[in-house]
Amino acid sequence: MDEKNKKSIMNRLKRTEGQIRGVQKMIDEEQECMDIMTQLNAIRSGIDRVMGLVVVHNLQECFEH
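Residues numbered from 1 in each chain as written. Predicted model: local features only at pLDDT ≥ 70, side-chain atom pairs only at ≥ 80, totals over all residues. Heavy atoms only, no water.

S.K.: Where do I start with the overall build of the protein chain in this structure?
M.R.: From N to C terminus, the protein chain includes two helices and zero strands. The C-alpha radius of gyration of the protein chain comes to 15 Å, more than 25% above the 11 Å expected for a compact globule of 65 residues. Expressed along its principal axes, the backbone C-alpha trace of the protein chain runs to roughly 50 × 20 × 10 Å. Relative to its full complement of 65 residues, the protein chain shows a buried share of 14%. Summed over all atoms, the accessible surface of the protein chain reaches about 5400 Å², with 55% contributed by carbon and sulfur. Side chains of the protein chain give 10 positive and 11 negative charges; the mean places of these two sets differ by 6 Å. (Helix = DSSP H or I, 4+ residues; strand = E, 2+ residues; numbered from the N terminus. Rg over C-alpha atoms; globule rule 2.2 N^0.38 Å. Buried < 20%, exposed > 50% of the residue type's maximum accessible area, 1.4 Å probe, protein only. Areas by Shrake-Rupley, 256 points an atom, 1.4 Å probe, with all protein chains shown as cover. Lys, Arg positive; Asp, Glu negative; His and termini not counted. Charge placed at Lys NZ, Arg CZ, Asp CG, Glu CD.)

Okay, structure coming up:
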């Protein structure tokens, strides 16, 4: 995996990690359920994007070899 793709994936994962910590804090503070669900949906979308990047990279490698 080239450095540009690796950096992009790592940045997305770090952002997701921060979002998860935020949700933990929201739960501790007993914030509104809909606000927590909104953040969880954002986390899911972020993970889906990371999975997409990994799949695209693997397909590119497959076609190159």
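Once the structure has been displayed, the description carries forward.
S.K.: Would you take a moment to explain a negative patch on the surface for this structure?
M.R.: There is a patch of like negative charges on the surface, built from Asp2, Glu3, Glu61 and Glu64. Tracing the backbone through its elements, the reader meets Glu61 in helix α2 (residues 33-64). Among the residues examined, Glu61 registers a relative accessible area of 30% and is labelled partly exposed. (Patch = residues over 30% accessible without salt bridge, like charges linked within 9 Å, V, L, I, M, F, W, Y side chains within 5 Å. Salt bridge = Lys/Arg side-chain N within 4 Å of Asp/Glu carboxyl O.)

S.K.: Explain the side chain of His57 to me, please; I cannot follow it from the model alone.
M.R.: Tracing the sequence through the fold places His57 in helix α2. When residues no more than four places from it in sequence are discounted, the contact partners of His57 are Met1, Asp2 and Asn5. (Contact = heavy atoms within 4.5 Å.)

S.K.: In this structure, what is going on with unusual backbone geometry? I would like to understand it.
M.R.: Glycine aside, residues mostly have negative phi angles, and peptide bonds mostly take the trans form. In this structure, Glu30 is a non-glycine residue whose phi angle is positive, near 55°. Residue placement: Glu30 occurs in the loop between α1 (3-28) and α2.

S.K.: Can you help me understand the pattern of salt bridges in this one?
M.R.: Two side chains bearing opposite charge may form a pair once their charged atoms approach each other closely. Per the stated rule, a full pass over the model turns up one salt bridge. With its nearest N and O atoms 3.0 Å apart, the salt bridge here joins Arg21 to Glu17. Taken as a pair, Arg21 and Glu17 lie in helix α1 at a separation of four residues, close to a single helical turn. Judged by relative accessible area, Arg21 falls into the exposed class, the value being 52%. On the accessibility criterion, Glu17 (39% relative accessible area) is partly exposed.

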